[in-house]
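# Remarks on the overall topology
Residue-level listing of the chains:
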Amino acid sequence: QVQLVESGGGLVQPGGSLRLSCVPSGRIANIYDMGWDRQGPGKQRELVASVTTGGATNYADAVRGRFTISRDNAKNTVYLQMNGLKPEDTAVYYCKMRIRYSPYVRDMNYWGNGTLVTVSS
């Protein structure tokens, strides 16, 4: 059973920075695209950023230029560096990965349980 474990959330003042990390546990054969979604209070879940196996990145307009997504394939880890945080960035951030846990099955999307980021003075 694959589980994604996120870390790095917390309370930060406006203008501050946080770094989120996510790593899968369990048996892994291949990891493909990685990314982060978020869901703010009273809002729908939305894409924040994603990164392909080749390193191509994609960002939501609201975070482009402030957030940076990266991956360490040797560690099966995806990171989200968040700078210049704003109160509207307050949300639960969910890690997601497309994983094939065995060479004999199809790849599937997996999500973490979420980590809360609160931006407030």
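Residues numbered from 1 in each chain as written. Predicted model: local features only at pLDDT ≥ 70, side-chain atom pairs only at ≥ 80, totals over all residues. Heavy atoms only, no water.

On to empty space enclosed by the protein. One pass over the full model with this rule turns up one cavity of 30 Å³ or more. Looking at the largest cavity, its volume works out to about 40 Å³. Taken together, the residues of the lining of the largest cavity break down into one nonpolar, four polar and five charged. (1 Å grid on protein atoms, 1.4 Å probe; cavity = no way out; pocket = protein on both sides within 12 Å on 5 of 7 lines; lining within 4 Å. Points joined across faces, edges and corners; volume = space filled by probe spheres on them. Nonpolar A, V, L, I, M, F, W, Y, C, P; charged D, E, K, R; others polar.)

Right, let's get into the packing of aromatic side chains. According to the stated counting rule, one finds zero aromatic pairs in the structure shown. When the ring centre of Tyr-94 is taken as origin, the NZ or CZ atom of Arg-45, which lies over that ring, is 3.7 Å away. (Phe/Tyr/Trp six-rings, centres within 6.5 Å; stacked < 30°, edge-to-face > 60°. Lys NZ or Arg CZ within 6 Å of the ring centre and 35° of its normal.)

What follows concerns the sheet that holds strand 7 (residues 67–72). Two strands in a sheet stick together by hydrogen bonds in their backbones, pointing the same way (parallel) or opposite ways (antiparallel). Taken in spatial order, the four strands line up as 1-3-8-7 in an open sheet, and their pairing is antiparallel. Because the sheet does not close on itself, it has two edges, and the strands there are strand 1 (3–7) and strand 7. With direction set aside, neighbouring strand axes in the sheet form an average angle of 15°. Two strands pair when backbone bridges link them, and strand 3 (residues 18–25) and strand 8 (residues 77–82) are joined in this way by five bridges, in the antiparallel orientation. Across the sheet, Cys-22 pairs through a bridge with Val-78, a residue of strand 8. (Pairing = 2+ DSSP bridges. Helix = DSSP H or I, 4+ residues; strand = E, 2+ residues; numbered from the N terminus. Axes fitted to C-alpha atoms, helices over the stretch in contact; angles between N-to-C directions.)

Without other data, these values stay purely geometric and don't point to any function.
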